[in-house]
Every structure is written in C-alpha cells, then in structure tokens.
Amino acid sequence: MPRRSYDFQAIEPKWQRWWKERRVAAVNTAAPADKFYTLMMFPYPSGKLHVGHGRNYILGDAVYRYFRMRGRRPLNPMGWDSFGLPAENAALKRGSHPHAWTMENIAEMKRQFHAWGVLYDWDREVMTCVPEYYRWNQWFFIQMFKKGLAYRGLANANWCPSCATVLANEQVVGGGCERCGTAVEGRLLEQWYFRITAYAERLLQGLDRLRQWPERVVTLQRNWIGRSEGTDIAFEIPDLKETVTVFTTRPDTLFGATYLALAPDHPLAERLIRPGDLAELQKMRLRKQDDTDEKWGIPTRFEALHPLTGGRIPVWIANFVLMEYGTGAIMSVPAHDQRDFEFATRYGIPIVEVIHRDGGFDGTAAYTEEGTLARSGKFDGMPNDEAKRAITAELERAGKGKGSVRYKIRDWLISRQRYWGTPIPIVYCPSCGPVSEKEEHLPVVLPTDVAIQGSRGNPLASHPGFLNAPCPKCGKASRRETDTMDTFVDSSWYFCRYITPREDGAMFRSDLVNAWLPVDLYIGGIEHAILHLLYARFFTHALRDLGMTDFEEPFKQLFTQGMITKHSEVTGKLEKMSKSKGNVVAPDDIIRDHGADTERLYTLFIGPPEKDAEWSDQGVLGASRFLNRLWQFAQEAAEAAGEAEHGADEAALARKLHQTIKKVTGDYERFHFNTAIAAIMELMNAYGRYHERPARSASLEREVLTTVVKLLHPMAPHVTEELWEQFGNEPSLLEVPWPSYSPDLAKEETVTVVVQVNGKLRDQIQVPESASREEILEAARQAPRAAPFLEGKALRREPVYVPKKLVNFVVG
RNA sequence: GCCGGAGUGGCGAAAUGGGUAGACGCAAGGGACUUAAAAUCCCUCGGGGUAUCAACUCCAUGCCGGUUCGAGUCCGGCCUCCGGCACCA
C-alpha cells in the first residue's frame, strides 16, 4: 500500500553503497590490539532469507554498531555453511548441480544481507564447500584418526530412510530425523565416529566456566552428557566360565538383585540362550527400543553368582536393556527399580525388599526413595546413602567391583551416505585395511562431474576417477571411502578459519587464532543448543590437544535469540517461519514497502530478543510511523528559527533527554532493544509536545534530534546516517562517540513520593529533590488524600521511609 | 516420568536490588482535517461499583497458602503451556 513517507528507497541503497565502498567493517587480524570478536552463526544457503532469519543478523548488527560507537572495532565476519543435503534434494528436483544451486543461493542471500544494512568484514568470507576449506576437515580427521579419536565402528546406527543416510545421535529428534522428521530406523552398520566420549568429562567440566552462557543451554548440554556415578559389579557365570559386568547407580540395593538382564546385542547373548531361542533373540534385536513397548525377555540356561552372598540368580536377555549405555548388562532389583519390577512381575521372578522405610515398598510398585538396609547381611540398618559407599568398598576389597562413572553421551557418528559433503580421506587397501590419505595429497577433492540420482546410493560410488586410488601405504590398487562427513564437522571450527581465511598451509595461523579467540560474543538460535555448540566445543578441546591452539572453550559469551513465529494456514498453529509451513514473510517485500530500517526497528521492538515472538504486519506499521515522525521532526527543525529563553519546559525536555541516554545505554548493554526503543519513543513524544509551543529553543531541539539519531543508529542505521548528514555532520555515525549523559541534568527537580497507609496507596506528593527525610515525612502526614486514614489512629511503628520514593504509615 | 523455562489488559509487552502494576507499541472506539478515502493529528482504552462528568472506591500479575509495613518480584504446594530428554540402570 502506498504511504507518504521519507524516501527510504533512495536513502537505504545510498548508505549501503557508502559502507561497502569504504569497507567500514574491515579488520586487520594481524594486528590484534584491543581485540574483540563478535560472531553470528553462519547460515546454510537454503535459498532466501526470511524475516525470521533477520532476527539473528539484525540483533547482531545492532550490537556490532553499538560497540563501534563505544570506540571498539570488533571482528565481525560472515560465511556460508554450504555443504548439506538440501542442495542434493534441490538438484534432484530441478536438475541443477548442488554446487551451482548453492552458489546461486549464496549470491542471493548476500544481496539480502546487504539490503538489511548489516555490516560484515566480507574480505573474510568463508565457504565450507570449497576444497580450500574442507581440506582442513580432512586434515583434522587424519590427526584424529592417528590418535585413535576417529575410528571405524560397528553399531546400531540411526538410519533415515528418506534422507538415505545415517544420522548422529544428536540429529535424532523425538525419534525422527532432525531434517525431515521421518521416523529413524536402527541399522547395524560400520561407520566412522569421532570419539567425543573421550572428552565427556572435560566437556562437562568446561560448562562450569561458561558463566556468560544462558543457563538453559548449559543445563541442556549437562543433561546430554549425562554423567552418572555408580559401581561396576562383576557377576560370575560359572557354567559358562564367563563374567558379566554390570553398571549400577544403586550398589546399596545389591542384596535385592534377583536376576541379571543383558541387552539382546550383548556379546554373550548368543552363547547364553537355549539354541531354540535364536529366532526370538533376532526378533528382539530388530525391534527398535521404544518405551511404549512392553518389557519382555528370554530366559537363558545360566545362572550367575551373587558377588557377596554367592547365591545363584537367573540370567535373562531383556528388551529394555541398552547395549549402548553402561556395560549392556544390569543387575535387576525389582523392589527398588520400576522397570525391573515390571519385568519381574511379568515373569514371576522373586522380589526382595532391601531398602526399608515405613510406607516404603508396598508390593504394587518399586520403592526408589531413601531408607535403611534390610536383608543385606552386615549392612542391615545402614542408611542407604552410606551403604552405596560401604558396599562398593566391600566389592573392591573382594576384587568384584569398583566405583565407576558413566556418561549418556555417545560417540559422534560422522559418516553420511551422501554426495554433497567433505570426502572422508580414507582408502581401503586389500592388504593394509583402512589407511588415511597422505597429508600432502590433500585435499581429496569432491568430483563435480557426477549425476545426482536420488536415494539410489551415493554417486561417488559410481565415479571411477574418485573411487579408485592407490593405497597410501603400499601403493596397491584400492578403493576410496565414498561416505562424506556430517556437515556439523564444517561448522565446528569455522570461527577459527575467519582469522586467517586464505591461509593455505594450515587450518589457520595458531598465533593469530590464539590472539583473537575465544569469540567474545556469539549470537545464534537456541535450536543449536546441543548439536553445533557441543561439537564446536569438542573440536576446540581437540584442537588444543593437537597443539594447534591454547584455549579450550570457543565462545565466551553466548546469546541465543528466540524464533520468529507466524500463524500457519497449513497447520493452523503458530509455527517457526518456513516454506513448508507457508508462513514466511519476505524481507524484500517489507523493505520495498517500508524500508530496511523499519524492518530492523520492528524486529528489535517485537519483544525480548531471547524469547520467541509472533510476527505482526500491523506492528511493522508502528515502527514505520515512528521513523516517519522522526524524519518529519528533523525536516521541521531544519526550518525552525528563533531561540526561546530557557525555562521550565526546556529544563524538562533536557532532563528527559539525559534520562533517555542513561536508560538506552543500559538497555543496549543488556540487549534490551525493545525497551530502548520504547524510551526513545517516549523522548520523541515529549519532544512532540514541546514542539507545539509557539516559542521554542531551536538549539535544544537540535540537541535532542542529534542525540536521538545517535541512539537510534545501531537499530536504524540508514535513516540516521542520512539525518546526521543533513544536520551538517560528516558521516559515518559508526565513528561518532556514543552520547554520554549528565547526571545533574538527568536529575529530577521534584520527586514523586508515594504515601501509603498500611501498605495501601493513598496519595502522591511532589517534594523538592533536595527534601530531607523529616520534610518528606511531614509533607506525607499532610497529604490530603492520606490524612483521613491517619486521623485519630496511632502509629504502630516508625513510618517506613524509602528515600525519595515512598512513605508508609502503619497505624493501629 | 525426569530436567529446564514461562503464565501480567483484546494483543506484543514494561516494571533493572521487595516499594505508584500495565511504560512503549498494536488493535479497537470517538473526534479533527478531507467532497470522500488513505495518510496525519487529538482524545478514550484492565474489571466492578458509587457517581456523573478534572471525583471516589474496591478488585486485579495462572490457583492456594506463607514471609513482610509492603509481593508480579521471595518461600512452599498445586494447575496450565512451551522446550529438552526419555526403558541411560
């Protein structure tokens, strides 16, 4: 809809060119004096950016520009997370090559960044899909391989049938594929892993040092790592001449163990079962673990010896025991574990109560709380908490157990049966087995002359030029690994690459990376709380162990902004913006109709940035109105002549101005852009009222407008640069110091003191700012609307007095 | 089930260390301007009651209770919603 407004269509491109031509955000990383590193999570080039993406980048740009006006010069780079499955899917659908599709998207999205007026040091642009970048994924992989931290393992992997690839544990969300939502299946496959579990303890400990991370992200990661302290206990199976070790966090319940249960894929499972049960075992192995499944088991021919009593207990194979956690075997204590209870009840296995308390175990469900030991030999009567230590110590003396720490986190599966990713630099030699490529042969280049054929396998497997390679060790004709790496590998170290983006002899220059890292402020979406942020932390720890860097944690301060949502006609609900939900708002349209500054202002005004917020087309109009009003005031000020004497109205406006500077500055420091904008709006409302007066001070009006232009610049950079120039100043506002306020001028001459009687608001009085406690109390006593409530009543205590704010009379 | 987070007007929200609840904006209603509309500007805007008009008063921050002179804010117990994990022994 056409509206009368300032000419943003001319102003915005003008300033975008101005900033670009002067490379205003360029930083020389070779001279790291007063280093400061701000970073927005780089995007996947999926096509077009929508206003939901905008929140991240607009927020980051406002912070960046604010820092600039505070005299800092942050490093603020941008790049592209440009390997990934959507490129292949698009290739299938439209017949384009993933590379061409990706490059087109990058060009388009770069144009959109530009149109938002966000500033990056584009000289440092990084793309993960080029050999100059991904060769260092390969180099890193080889270092990890040499240290045994990258390994090939056989495990029940998560398979997404729609994406035709395996997924990391972290990429399975609620049993479905993180990307497409398809239900994930279990498949026993040999795949490449990074041994992130070797870093579990350090990744956990490191969380304590991340004081400037949102607590909920830290909690999410802590739970994901899932540290448990307990005891490993060895149960002998004499007839098989084997020992089964179990892990338990409840060694205090050891005397209540009435059976052992092993995972169906436990190494001993096949030898334990009766020969006729093999089909049952196979069936159990195929069934995906699912808590809606009933617990069931296969009894075995064997019994195990209780390590302390020597009593015999049966050994079962049970569907609810996970091979991936602990030792893949458990001791079952039905009286004190609900799962064990359900299983025991079903199969008539004895239930022995060993942790006693009145109202404790009642035979209908497991009792899992505190209590004292019973039926536990010499431990009887001991509080169970103490018994955990005592029984573990006893087992250690007997050589049948030891204290143990286990983690829920699993190794990171990085193989992907896809084309558009980093080739894993491994060659399978018929004599030497899997051999890593020689470092001087890197990069193993991803061939571009392939035909994408959909889920019918990876095109690399039918590309002879890629597939056939000599063994790096013995030279024998061999076959290359055709799987590519999870794209989270790419994003796990890109923040280091920005420091020396064109370095071709190493991942990066260590001295400069040590000088510039960790990132001082990292801004991105909460959806990466586990995946990206955990992997990046892991890489950073590993890089230090490789001697590449001297720091362990990559991101000092993390800010996670909420999603922009909008009602979806497809689902009928509020949803995160996405093409499939049909609720995308295009920045191009907003910028065309209202300007980028309006989109920016509205995006920052929509609510607290860490919370989700619903996009409102009406709200955009409010932001637009405000900027137009500012523009209008500025035009009138330019015409204004005359200088009124400074009186009470002038003092009031000046006071409001200085209070606003104070308020807005505090709000910027805490990223509370919504309240900063509200404060500036209040100031402009006061200005508008002042402006109605017949006699006005042009110099004061000019001062207010000039200051507002500065305060608003980080949020609405184009219109403010234009007005700054109109006022006769040299651009750019980026170089203009942030306004400071005068505490004297900000101080109120009179303050409002609230008068309460028994905590109820009864009146408000105006007193001079300089009034003493006694004067204020006296004035409060006489406050006309409060006095009736005081009449004839005795004070029950000294009046409560909050200096210059409140008086509360407590009467009988 | 476990672990987080959040519940304040019609809506987005504000209240920074317990001290005037609802700033700022959106929507809505009324008015001015206009041939008319758009745009712009002005006024009203949590609920009830007594009033009649510049007033007074009670209630109100998911629910119940507590601490306090005073609670949106602190404590205890519930309810609802959102996110994460989910047979992790």
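Residue indices follow the written sequence of each chain, beginning from 1 at its first position. Key to labels: chains lettered from A, ligands numbered from 1, both in the order written. Whole-chain, interface and lining totals are the exception, using all residues; otherwise, since this is a predicted model, local features are given only for residues with pLDDT of at least 70 and side-chain atom pairs are given and counted only at 80 or more. By convention in this description, side-chain values take in all heavy atoms of the structure and omit both hydrogens and water.

A. Layout of the overall build of chain A. Helical segments are the DSSP runs of H or I of at least four residues, strand segments are the runs of E of at least two, and each set is numbered from the N terminus. Looking only at helices and strands, chain A has 25 helices and 33 strands in total. Expressed along its principal axes, the backbone C-alpha trace of chain A runs to roughly 105 × 85 × 50 Å. Relative to its 812 residues, chain A shows a buried fraction of 54%. Expressed as a percentage of contacts within chain A between residues at least 6 apart in sequence, the contacts between residues at least 24 apart total 71%. Under the convention used here, a 1.4 Å probe and the Shrake-Rupley method define accessible areas, while residue burial counts only the protein chains that appear. Carbon and sulfur atoms provide 50% of the accessible area of chain A, an area that totals close to 35,300 Å². By the counting rule applied here, Lys and Arg register as positive and Asp and Glu as negative, while His and the ends of each chain are not counted. Here the site of a charge means NZ on Lys, CZ on Arg, CG on Asp, or CD on Glu. Chain A carries 102 positive and 105 negative side-chain charges, and their two centres are separated by 2 Å. The rule is simple: take the accessible area with a 1.4 Å probe, protein chains only, and divide by the maximum for that residue type; under 20% is buried, over 50% is exposed, in between is partly exposed. Any two residues whose heavy atoms approach within 4.5 Å are treated as being in contact.

B. Region of the structure containing the nonpolar core. Note on terminology: a nonpolar core comprises buried Ala, Val, Leu, Ile, Met, Phe, Trp, Tyr and Cys residues joined through side-chain atoms within 4.5 Å. With 175 residues, the main nonpolar core has Phe194, Trp412, Phe495, Leu517, Trp615, Leu712 and Met715 as its most contacted residues. A total of 11 residues in this core trace back to one element, the largest contributor, which is helix α20 (residues 673-691). Apart from the residues within four sequence positions on either side, Trp412 is in contact with Ala168, Trp192, Tyr193, Phe194, Ile196, Asp486, Phe488, Val489, Ser492, Tyr535, Phe538 and Phe539. Membership of the second largest hydrophobic core comes to 40 residues, among which are Ala257, Ile273, Ala329 and Leu395.

C. Representation of the pattern of salt bridges. Only one rule defines a salt bridge in this text: a Lys or Arg side-chain nitrogen within 4 Å of an Asp or Glu carboxyl oxygen. This model, assessed by the stated rule, comprises 58 salt bridges. A salt bridge links Glu725 to Lys14; the shortest N-O distance between them is 2.8 Å. Highlighted residues: Glu725 in helix α22 (residues 717-726) and Lys14 in helix α1 (residues 8-21), separated in sequence by 711 residues. In this structure, Arg312 engages Glu303 in a salt bridge whose closest nitrogen and oxygen atoms are separated by 3.1 Å. With a relative accessible area of 44%, Arg312 lands in the partly exposed category. Of the residues examined, Glu303 reaches a relative accessible area of 32% and is grouped as partly exposed. Because the salt bridges share partners, they merge into one network encompassing Arg202, Arg209, Arg544, Asp545 and Glu552.

D. Local environment of the protein's contact with RNA strand B. Among the 54 residues in the neighbourhood of RNA strand B, the closest are listed as Thr249, Lys295, Arg339, Lys408 and Asn808. When at least one non-hydrogen atom of a residue lies within 4 Å of a molecule or strand, that residue is treated as near it. Considering RNA strand B, the proportion of its atoms within 4 Å of the protein that are sugar or phosphate atoms stands at 58%. In the analysis that follows, any N or O atom pair within 3.5 Å is treated as a polar contact, provided that within protein one partner can donate a hydrogen and the other can accept it, and provided that, for residues neighboring in sequence, both atoms belong to side chains. The separation between a base oxygen of RNA strand B and a polar side-chain atom of Lys295 is 2.4 Å. Within the side chain of Asn685, one N or O atom sits 3.3 Å away from a phosphate oxygen of RNA strand B. The dominant element in the surface near RNA strand B, judged by the number of residues it contributes, is α20, at six residues. Any residue outside Ala, Val, Leu, Ile, Met, Phe, Trp, Tyr, Cys, Pro, Asp, Glu, Lys and Arg is labelled polar, Gly included; the first ten of those are nonpolar and the last four are charged. Taken together, the residues that form the surface near RNA strand B break down as 18 nonpolar, 15 polar and 21 charged.

E. Expanded view of the sheet that holds strand β25 (residues 519-525). Between any two strands, pairing holds if DSSP finds at least two bridges. Reading across from one edge, β1-β25-β26 is the order of the three strands in this open sheet, with parallel pairing throughout. Each of the sheet's edge strands pairs with one partner strand only, and the pair in question is β1 (38-40) and β26 (555-561). Pairs of neighbouring strands in the sheet enclose a mean axial angle of 20°, with direction left out of account. Two elements, β25 and β26, share six bridges in a ladder whose sense is parallel. Of the residues in β26, the one forming a bridge with Gly525 is Gln561. Axis geometry follows a simple rule: fit a line to the C-alpha atoms, using only the stretch in contact for helices, then measure angles between N-to-C directions, giving values from 0 to 180 degrees.

F. Spatial organisation of the packing of helix α6 (residues 200-207) against helix α15 (residues 531-545). Orientation of α6 relative to α15, taken along the N-to-C sense of each, is 110°, at an axis distance of 10 Å. By the angle between their axes, α6 is roughly perpendicular relative to α15. Together, Arg202, Leu203, Gly206 and Leu207 of α6 and Leu534, Arg537, Phe538, His541 and Asp545 of α15 make up the contact between the two elements. Note that the term roughly parallel is reserved for angles under 35 degrees, roughly antiparallel for angles over 145, roughly perpendicular for angles of 65 to 115, and oblique for everything else.

G. Representation of the pairing of strand β21 (residues 433-436). In this sheet, β21 lies alongside strand β20 (residues 426-429) in antiparallel orientation, the contact comprising four bridges. Looking at β21, one finds that Ile426 is bridged to Ser436. Here β20 folds back onto β21, and the loop between the two strands holds three residues.

H. View of a negative patch on the surface. Surface patches are defined over residues having more than 30% relative accessible area and no salt bridge, joining like charges when they lie within 9 Å and nonpolar side chains (Val, Leu, Ile, Met, Phe, Trp, Tyr) when within 5 Å. On the surface, a cluster of negative charge is contributed by Glu369, Glu370, Asp385 and Glu386. For Asp385, the position within the fold is in helix α11 (residues 384-398).

I. Up close: unusual backbone geometry. Here the residue pair Leu442 and Pro443 is connected by a cis peptide bond, since its omega of 0° sits within 30 degrees of zero. Note that Pro443 resides in the loop between β21 and α12 (464-467). For the bond from Leu517 to Pro518, the omega torsion is -5°, close enough to zero to count as cis. Although it is not a glycine, Arg23 adopts a positive phi angle of roughly 45°. One can find Arg23 in the loop between α1 and β1. Residue class for Arg23 comes out partly exposed when judged on its relative accessible area of 49%. Its identity as a non-glycine residue notwithstanding, Asn758 has a phi of 50°, on the positive side. With respect to the element layout, Asn758 can be found in the loop between β30 (750-757) and β31 (760-768).

J. Representation of the environment of Arg544 in the model. With respect to the helices and strands, Arg544 occurs in helix α15. Each residue touching Arg544, except ones within four places of it in the same chain, is listed here: Thr549, Asp550, Phe551 and Glu552.

K. Main features of the sheet that holds strand β33 (residues 806-809). Ordered by their spatial adjacency, four strands build an open sheet running β31-β30-β33-β32, and the pairing between neighbours is mixed. The sheet is open, and its two borders are formed by β31 and β32 (800-802), each paired with just one other strand. Between one strand axis and the next, the sheet turns by 15° as a mean value, whatever way the strands run. Note: β30 against β31, eight bridges, orientation antiparallel. What sits directly across from Val754, in β31, is Gln764. Running over the sheet, helix α24 (residues 773-781) touches β30, β31, β32 and β33 and is turned about 60° from β33.

L. The arrangement of the confidence of the model for chain A in detail. Per residue, pLDDT measures the predictor's confidence, with a range of 0 to 100. Summarising the model, chain A shows a mean pLDDT of 90, and 98% of its residues fall at 70 or more. When pLDDT is averaged over each element of chain A, helix α13 (residues 494-497) comes out on top at 98 and strand β7 (residues 176-177) at the bottom at 76.

M. The side chain of Thr598, seen in detail. As for its position among the elements, Thr598 is in helix α17 (residues 596-605). Taking the relative accessible area as the measure of exposure, Thr598 reaches 1% and is therefore buried. Not counting residues within four places of it along the chain, the set of residues in contact with Thr598 comprises Val620, Ala623, Ser624 and Leu627.

N. Summary view of the packing of aromatic side chains. Pairing of aromatic side chains here covers Phe, Tyr and the six-membered ring of Trp, requires ring centres within 6.5 Å, and sorts the geometry by plane angle: under 30 degrees stacked, over 60 edge-to-face, intermediate tilted. As enumerated under the stated definition, the model contains 54 aromatic pairs in all. A centroid spacing of 6.1 Å and a plane angle of 55° characterise the contact between Phe113 and Trp122, whose relative ring orientation is tilted. Owing to a relative accessible area of 23%, Trp122 belongs among the partly exposed residues under this scheme. Here the aromatic rings of Phe141 and Phe145 are separated by 6.4 Å at their centres, their planes lie at 5°, and the arrangement is stacked. With a gap of four residues between them, Phe141 and Phe145 both fall in helix α5 (residues 131-146), about one helical turn apart.

O. Layout of α22. In terms of residue burial, α22 counts as a mostly covered element, since eight of its 10 residues are buried. Taken as a whole, α22 has its buried residues at Pro717, His718, Val719, Thr720, Glu721, Glu722, Leu723 and Trp724. Immediately downstream of α22, the backbone of Gly728 shows phi near 90°, a positive value.

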